[in-house]
Amino acid sequence: MGGGLLIAGTTSDAGKSVVTAGICRWLVRQGVKVAPFKGQNMSLNSFVTREGAEIGRAQAMQAQAARVEPTALMNPVLLKPGSDRSSQVVLMGKPVGELSARGYHGGRQQALLGTVLECLAELRGTYDAVICEGAGSPAEINLRRTDIVNMGIARAARLPVVVVGDIDRGGVFASFFGTTALLSPEDQALVAGYVVNKFRGDVTLLHPGIEMLRGLTGRHTYGILPYAHGLGIDEEDGLRVSMRGAVRESVVAPPVGEDVLRVAVCAVPLMSNFTDVDALAAEPGVVVRFVDRPEELTDADLVVVPGTRGTVRALEWLRERGLAAELARRAAEGRPVLGICGGFQLLGEHIEDDVESKAGSVPGLGLLPVRVRFAAEKTLARPVGEALGERVEGYEIHHGVAEVLGGEPFLDGCRTGAVWGTHWHGSLESDGFRRRFLEQVARAAGRRFVPAPGTSFGALREEQLDRLGDLIEEHADTGALLRLIEQGPPAGLPFIPPGAP
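This one's a predicted model, so the numbers in the text were calculated from it and none came from an experiment.

Visitor: Please set out the pattern of salt bridges residue by residue, giving values where relevant.
Guide: Under the defined criterion, the tally for this structure stands at 29 salt bridges. Of the charged contacts, one joins Asp 166 and Lys 198 as a salt bridge, the two residues approaching to 3.7 Å between their closest N and O atoms. Pair noted here: Asp 166 is in strand E10 (residues 161–166) and Lys 198 is in strand E11 (residues 191–199), with a separation of 32 residues, a long-range link. Lys 198 gets classed as partly exposed once you look at its relative accessible area, which sits at 24%. Here Asp 301 and Arg 447 are joined by a salt bridge, their closest N and O atoms 2.7 Å apart. Placement of Asp 301 in the loop between strand E15 (286–291) and strand E16 (302–305) and of Arg 447 in the loop between helix H14 (431–445) and helix H15 (457–475) is noted, with a sequence separation of 146 residues between them. For Asp 301, a relative accessible area of 4% puts it in the buried group. We classify Arg 447 as partly exposed; its relative accessible area is 29%. Connected via shared salt-bridge partners are Arg 25, Arg 29, Glu 462, Asp 466, Asp 470 and Glu 473.

See below:
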């Protein structure tokens, strides 16, 4: 087939990732060999492929929906914000430098268009279909000249475009019309139609609006997807859509033991890979919440200090807010704390950072016998090991190199008392290890909590992806979508004035 489709959105967080994943899962269930693609992603939630390339977690999840192994081809450009004004640029899975927003959009972005199109062409030559995800909105007219993720690649690769709108936010018809009307005639010719996302209530009440939209734009609405509670995927850059909430809602079994286990996650600045705690929330009886005040740690049985793109900045934030003192108090009392990646680094004795923050020598919290030195080269790895008598898989994404000076070995880090630290993201997705870890946490916290013996995080994730596929199969015009993928943009789509200025 070699077909393709671009899923754009009226806004960020309109549901592009969900719809892309759902179409991938629906297609693969029809026997279509399909791959996801996003030319440029801005996210602090990333993943390491088997070849050691860093890509957005959303594309890794979409690859799982398509039942294929994720590769750097699926997300050739990844931007990892380090501040409001600059980001690390990851090209084909490897960091190539820091750029300001002005520097990136001022020329570097357009220079990457060739690489993006080469990756897309390679995927289209390998797979029957490639489902591309856009970013933000295609009607961001200030960025159109340098666009390599929305209409820029749609125009260059002649991809049909379907625009997703979140009706739960309101104004979806105006958003569809306005998005289309702000595109140039050449771009509008590729916009085949729309998908309404997160609709609640009687769908027949929406039909008059859908007909009027067709009359105004000459374009088809390819689906009205209902609001589905408990759906979640690995999100790009926020906390609103995460498997943590989705899995917690889907678990109806009561706690196995007499107590629940309360987990508080410190919402540090530039938090990365917060999805690490989703596997904890998958356990019946485990309650996970994100916190930013010291009093919110008081009743927590486990405190997690997650990864961050700004270790030194996160350290300062913990001290400024009084959370650092509370973590030290917990450690002295033998109450469990887990640091992951950047969270592990700041729990150590000392940080030498001339790379990320360029702050030089900085004292850590001193809760683990570890010294950290930031290296110019980023560590990207997919380690496999053993801890607590169980096999563990994870992935590493960090510039900080830890020198462990004592304590008990724990994955690549260490444990001292009830304080644990490791660089390994994703380790809690290993079911046996997670259960043994929670048993130790419950014992240290004095809770009569018992991990459920049969919880499989992988199975729960597959269940979520199947639900996304079901949404497309049951509520989208799949025949029309398949024709778009196979045949490209419909001919004769009308121009909606005024068009791009």
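Moving on from the model shown.
Visitor: Please give an account of helix H16 (residues 478–487) that cites residues and values.
Guide: Along H16, the residues that are buried comprise Ala 480, Leu 481, Leu 484 and Ile 485. Taken around the axis of H16, the buried residues stretch over an arc of 140°, which confines them to a single face. Positive phi shows up at Gly 488, right after H16, with a value of about 90°.

Visitor: Describe helix H11 (residues 311–320), listing the residues and the values that go with them.
Guide: Those residues of H11 that fall on the buried side of the exposure criterion are Thr 311, Val 312, Ala 314, Leu 315, Trp 317 and Leu 318. One or two residues past the end of H11 sits Gly 322, with phi positive at roughly 85°.

What counts and what doesn't
- Residues numbered from 1 in each chain as written.
- Predicted model: local features only at pLDDT ≥ 70, side-chain atom pairs only at ≥ 80, totals over all residues.
- Heavy atoms only, no water.
- Salt bridge = Lys/Arg side-chain N within 4 Å of Asp/Glu carboxyl O.
- Helix = DSSP H or I, 4+ residues; strand = E, 2+ residues; numbered from the N terminus.
- Buried < 20%, exposed > 50% of the residue type's maximum accessible area, 1.4 Å probe, protein only.
- Arc of directions from axis to C-beta.

From the geometry alone we can't say anything about function, so treat these as descriptive.
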